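# A closer look at the structure
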Protein chains: 2
Amino acid sequence: MSVESGEERQVSIGEIARRSGVARSTVSYALSGKRAVSEETRRRIQAVIDELGYRPNAAAKALKEGRTHTIGLVIPPASQRLTDVQLGFVASVIDAAASADLDVLVSPSGGEHDRSFERVVSGRRVDGVVLMEIRLEDDRVTRLRKMGLPFVGIGRTARPEEMSWVDIDYDTLIARCVHHLADLGHRHIALVNRSTELVAAGYGPGHRAQAGFTRAMAERGLRGVQVCCADDAQSGVSCAERLLAETPGLTAIATINEAAIPGMYRALSQAGLQIPRDFSIAAVAARYLAENLHPPLTASDVPADELGAHAVELLIQRIADPAAPYRHLLVAPPISLRETTAPARPREPLT
Amino acid sequence: MSVESGEERQVSIGEIARRSGVARSTVSYALSGKRAVSEETRRRIQAVIDELGYRPNAAAKALKEGRTHTIGLVIPPASQRLTDVQLGFVASVIDAAASADLDVLVSPSGGEHDRSFERVVSGRRVDGVVLMEIRLEDDRVTRLRKMGLPFVGIGRTARPEEMSWVDIDYDTLIARCVHHLADLGHRHIALVNRSTELVAAGYGPGHRAQAGFTRAMAERGLRGVQVCCADDAQSGVSCAERLLAETPGLTAIATINEAAIPGMYRALSQAGLQIPRDFSIAAVAARYLAENLHPPLTASDVPADELGAHAVELLIQRIADPAAPYRHLLVAPPISLRETTAPARPREPLT
DNA sequence: TTGTATGCGTTATCAG
DNA sequence: CTGATAACGCATACAA
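Residues numbered from 1 in each chain as written. Chains lettered and ligands numbered in written order. Predicted model: local features only at pLDDT ≥ 70, side-chain atom pairs only at ≥ 80, totals over all residues. Heavy atoms only, no water.

The name an unreviewed UniProt entry assigns to chain A is DNA-binding LacI/PurR family transcriptional regulator, from the organism Sphaerisporangium rubeum.

See below:
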């Protein structure tokens, strides 16, 4: 067995300089190219670097430059499973950041005084932050603004002009779902929102979905019912069961609650209702989820890839020029017709 | 409207010292408590800190201490959706790290000379690394060892005694699936593995699943078929279609390919086969996936939470004492009987 | 073309 | 109990 070349202990720029017989600054310049270095010297230095495997110490560089080449990504507490849309955001932000040679520090932060969040934003550990799951009134936004740390929201507060963000137009999308269902003849439609706590806490998408639902139902002259539902399949079951029991004429659901959808499917099928023959569902959801459900879900597919990448782009711009005006991106992807909506059919045939 | 206190520009310990009329070191000690500071002085310092919102600069601290209080998490390239088991690992590692007051730097690294991976490991940006999706021969493991950077694998190489890891015992689990199916009278069973590329690249779980399958089938005197399948639903469809077409007597599938499972369901149902009456499936998968499928999947539920948390624990220990012996955790969770396995029934009744 | 000196913000060490 | 100083590794202004 050949002996592995020993451990590459951390080598400093001083070590390289000594071994190359030049000054530290010369090594630095040879690497950065910010001033001319003779070919001869450059080669000698490079040889030593290759041999010892030198890599600049990130902490020292950050201390000197005041930049970390790292962005923070604040996600909902990872303890409970993220929704597919949320996962899509995380993946695309990480990917986009990697493409821009930025590292990503992930902070699972829910509560008010979150240690992880504080660490990330207050020690200058990152050059900027992408913030997920923003509330209409959000302490973290206030905090970031006060810190003077560049940030971009995936989602927006009640005063959206005061920050950069990308967002999904839940208002418009839920309205479209309603119109689509109404066009199919549905007269009793329910909106299944996210959890009571989330909506009560001023979760933007929840409120905007409500608004869109109320408006569209009014426009069509329909009266609907709105319910909140926790973000999991089991809650989806009980929510759908309750809805069926308490709203006799109900023939369709519009929803932004991805996690509850598999549960709704189950409850419907257990009630002997076939989708979409007896009952229709239209949603705002991740394409992955929509396609893998049985039957495939008619939904407005959230373009998480695009939004995440755009968020990173906006953040990079804010970092480069913190004084630049805020920028926004609001998307309303079209509904992809799959197999969960069909013409209304009375649930209990009148005798 | 009250005027917000202006931006908290980054304040250094020197600034605090000056305003408090003490030396920098005194501020440091007042904060760390590593040497006695008079109550009087401590109060004055604290008052200034509270007023200015001082937080130690992480880069300076890291430079001085040689520790970053950050761990790296190397995940598969996020471009393609991670499997539910992988997502479970990511979430639990992030959560466990946050509980231990560690930040997590996520690196989506697939290829050999990945820039993101290099940045994370070679600039001393992290104190240690959790490595996912390890190959039997893995360059990244070699690299980390050479760097002398503590690391823990979720998964293991061909020489598992040379590193710390946690892993799922795919060998045993697939064998259990086979025995379970054989007990139900199935005589023709297929193993649906991960993608050809992954297995060819020496992906451990793929190889170990093969081994367990081959052994168990031999023990039961059965002959099976093994196929590779890409990690997505569409591939699951075509894979199952091909299997049904080419292996007439086939009545059951054992699989470790989570992402393909929804596709297999679809193909089976399109072929007019009802699960589990006409065809059985047993798998190793995430509980979330298993429970939300229709019908719910009989599977060995991977305890990703436990494994991820344990990986972080092992990593913390390795960071604390790099000379300590390597430690390992191999888990083989029991099969949760749900609704996709039943007694074998010939697919094409003999005439 | 290259070398010297300084400072980024911390904390440890040595003095007082 | 507290102050001054050095050092971590790097980048850069200044000097030669």
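## Looking at the overall build of chain A
Along the backbone of chain A there are 14 helices and twelve strands. Relative to the 2.2 N^0.38 estimate, which gives 20 Å for 351 residues, the radius of gyration of chain A is 27 Å and therefore markedly larger than a compact globule would have. Each principal axis of the C-alpha atoms in chain A carries an extent, and together these give about 100 × 55 × 35 Å. When the 351 residues of chain A are sorted by exposure, 56% land in the buried category. Summed over all atoms, the accessible surface of chain A reaches about 15,400 Å², with 52% contributed by carbon and sulfur. Separation between the mean location of the 41 positive side-chain charges and that of the 43 negative ones in chain A comes to 4 Å. (Helix = DSSP H or I, 4+ residues; strand = E, 2+ residues; numbered from the N terminus. Rg over C-alpha atoms; globule rule 2.2 N^0.38 Å. Buried < 20%, exposed > 50% of the residue type's maximum accessible area, 1.4 Å probe, protein only. Areas by Shrake-Rupley, 256 points an atom, 1.4 Å probe, with all protein chains shown as cover. Lys, Arg positive; Asp, Glu negative; His and termini not counted. Charge placed at Lys NZ, Arg CZ, Asp CG, Glu CD.)

## A word on the sheet that holds strand β2 (residues 103-108) of chain A
Strand order in the open sheet formed by twelve strands is β11(A)-β5(A)-β4(A)-β3(A)-β1(A)-β2(A)-β2(B)-β1(B)-β3(B)-β4(B)-β5(B)-β11(B), with mixed pairing between adjacent strands. Bordering the open sheet on either side are β11 (328-331) of chain A together with β11 (328-331) of chain B, each of which pairs with just one other strand. With strand direction ignored, the average angle separating the axes of adjacent strands in the sheet is 15°. Summarising the sheet, strand β4 (residues 151-154) of chain B and strand β5 (residues 164-168) of chain B pair through three bridges and their orientation is parallel. In the strand pairing of β5(B), B:Val152 is matched with B:Ser164. Running at roughly 170° to strand β3 (residues 128-132) of chain A, helix α7 (residues 139-147) of chain A makes contact with β1 (70-75), β3 and β4 (151-154) of chain A of the sheet. (Pairing = 2+ DSSP bridges. Axes fitted to C-alpha atoms, helices over the stretch in contact; angles between N-to-C directions. Contact = heavy atoms within 4.5 Å.)

## Let's talk about the protein's contact with DNA strand D
In the region of DNA strand D, 27 residues are neighbours, and A:Ile13, B:Thr26, B:Arg35, B:Ser38 and B:Thr41 sit closest. Considering DNA strand D, the proportion of its atoms within 4 Å of the protein that are sugar or phosphate atoms stands at 51%. In the environment of DNA strand D, a phosphate oxygen lies 2.8 Å from a nitrogen or oxygen atom belonging to the side chain of A:Tyr54. Within the backbone of A:Asn57, a nitrogen or oxygen atom sits 3.0 Å from a phosphate oxygen of DNA strand D. (Near = heavy atom within 4 Å. Polar contact = N/O pair within 3.5 Å; in protein donor to acceptor, adjacent residues only side chain to side chain.)

## A short note on the protein's contact with DNA strand C
Near DNA strand C lie 28 residues; those nearest to it are A:Thr26, A:Arg35, A:Thr41, B:Ile13 and B:Tyr29. In the model, a phosphate oxygen of DNA strand C is placed 2.9 Å from a nitrogen or oxygen of the A:Ala23 main chain. Between DNA strand C and B:Arg35 there is a distance of 3.4 Å, counted from a base nitrogen to a side-chain nitrogen or oxygen. Of all the secondary structure elements, the ones that give two or more residues to the surface near DNA strand C are α2 (24-32) and α4 (58-65) of chain A together with α2 (24-32) and α4 (58-65) of chain B. If you tally residues by element for the surface near DNA strand C, the top one is α2(B), at four residues. Residues belonging to the surface near DNA strand C are distributed by class as follows: ten nonpolar, nine polar and nine charged. (Nonpolar A, V, L, I, M, F, W, Y, C, P; charged D, E, K, R; others polar.)

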